[in-house]
Amino acid sequence: MDMGLTIGSHDLHWLLFITIIIPSNLSENATMSTTSSADLSLRLHGEHSEVAVITLQRAKKRNALSDGLILAIRDTFQNLPASVRAAVIDGEGEHFCAGLDLSELQERDASEGIFHSRMWHQALDCVEKGRVPVIAALHGAVVGGGLELASACHIRVADDSTFFALPEGTRGIFVGGGGSVRIPKLIGAARMTDMMLTGRVYNAADGERIGLAQYLVPGGTALDKALELATRIATNAPMTNYALMHALPRIAEQPGDHGFFTEALISSIAQAAPEAKARVRAFLEGKAAKVKKD
Ligand code: 1HE
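Residues numbered from 1 in each chain as written. Predicted model: local features only at pLDDT ≥ 70, side-chain atom pairs only at ≥ 80, totals over all residues. Heavy atoms only, no water.

Attention now moves to the layout of surface pockets. Estimated volume of the largest pocket: approximately 800 Å³. Around the largest pocket sit 28 residues that line it, and Glu-128, Cys-153, His-154, Met-245 and Pro-249 are the ones nearest its centre. Of all the secondary structure elements, the ones that give two or more residues to the lining of the largest pocket are helix H2 (110–128), strand S7 (134–138), strand S9 (155–159), helix H5 (179–187) and helix H9 (238–253). Here the lining of the largest pocket gets eight residues from one element, more than from any other, and that element is H9. Classifying every residue of the lining of the largest pocket gives 13 nonpolar, seven polar and eight charged. When its volume is computed, the second largest pocket comes out at roughly 520 Å³. Lining of the second largest pocket is provided by 24 residues; of these, Leu-100, Leu-105, Ile-173, Phe-174 and Gly-176 occupy positions nearest its centre. The element contributing the most residues to the lining of the second largest pocket is H2, with four residues. For the lining of the second largest pocket, the class distribution of residues is 10 nonpolar, eight polar and six charged. (1 Å grid on protein atoms, 1.4 Å probe; cavity = no way out; pocket = protein on both sides within 12 Å on 5 of 7 lines; lining within 4 Å. Points joined across faces, edges and corners; volume = space filled by probe spheres on them. Helix = DSSP H or I, 4+ residues; strand = E, 2+ residues; numbered from the N terminus. Nonpolar A, V, L, I, M, F, W, Y, C, P; charged D, E, K, R; others polar.)

This part takes up the pattern of salt bridges. A side chain of one charge can pair with a side chain of the opposite charge when the charged atoms of the two come close. Per the stated rule, a full pass over the model turns up 10 salt bridges. As a salt-bridge pair, Glu-253 and Lys-185 come within 2.4 Å of each other at their nearest N and O atoms. With Glu-253 in helix H9 and Lys-185 in helix H5, the pair connects residues that are 68 residues apart, well separated along the chain. A single burial state applies to Glu-253 and to Lys-185, both of which are exposed. Here Arg-200 and Asp-194 are joined by a salt bridge, their closest N and O atoms 2.9 Å apart. Among the residues examined, Arg-200 registers a relative accessible area of 37% and is labelled partly exposed. Here Asp-194 falls in the partly exposed class, since its relative accessible area comes to 23%. When salt bridges that share partners are traced, they join Glu-128, Lys-129 and Arg-182 into one network. (Salt bridge = Lys/Arg side-chain N within 4 Å of Asp/Glu carboxyl O. Buried < 20%, exposed > 50% of the residue type's maximum accessible area, 1.4 Å probe, protein only.)

Put into structure tokens, the structure is as follows:
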């Protein structure tokens, strides 16, 4: 049993008391508000409440990730309402996230340090390997654990105020929230090593160029773009989204021959779904959208 997965959670569950209020006359693109802890909110968007927007709300501390906030992220992604088919995560104020709450950084012995890191791993795993695709809407600082959180998402949209850094190197510590696994997959180990050794900061354009974000948008529009993408993703067949989140990353790490076989299995499961058959039939009958040049 990995005790680190539950450390400290018993006294922090109050942080995520979510009340969902369902208006009877929900119109298209309406926002369904929910309330939660002071540090995290969850709101539902769309005609069928199919998009969840999860907002870090510690602007005074630049959305620094306290243990309570990390556990609230875990609990929120584990307990998304059944209607939700895609999610967006953003941050209130001028920055997405300043990383680990350094005021909580304590002297830990090695085993306590492992448990703390494993708590982050479990929480961010709930983002990456949860039920629905997650889009990070980025602005301002995306640093340290903030970049680790963003890298657990499936798509990153950066507005032009965004900057990326891994100040762990200069603080005498190391990434502990899964960054050493996820960030090299985005930008390569050499670039991550440079960021940590030298404190290099990437601006939004360079961040997008090297792969820290897939979309670069004008200042103040990252949430709009993320919502647009999430709304579109929510219309995909659920099995396709599931395969992309759970099968593709595993296939990419398998030896080629194993990957081909896993691909054959998951593609046969996806195409056997009645929804997939209906979508293909709709195209053949001229009732579905063609692929268009942008
Ligand atoms: C914080 C934190 C924090 C701000 N923990 N309190 N992360 C870092 O090393 C980044 C540290 N933060 C910064 O470099 C800057 O704060 C920012 C570039 C993000 C924003 O600058 P600015 O000028 O807008 O804000 P500020 O005045 O520096 O901060 C406002 C308040 O937030 C201030 O507290 P106040 O009581 O004086 O108002 C700051 O102390 C507080 N604050 N960032 C705690 N991170 C799983 S391992 C992950 C390891 C890491 O993430 S290490 C990297 C940590």
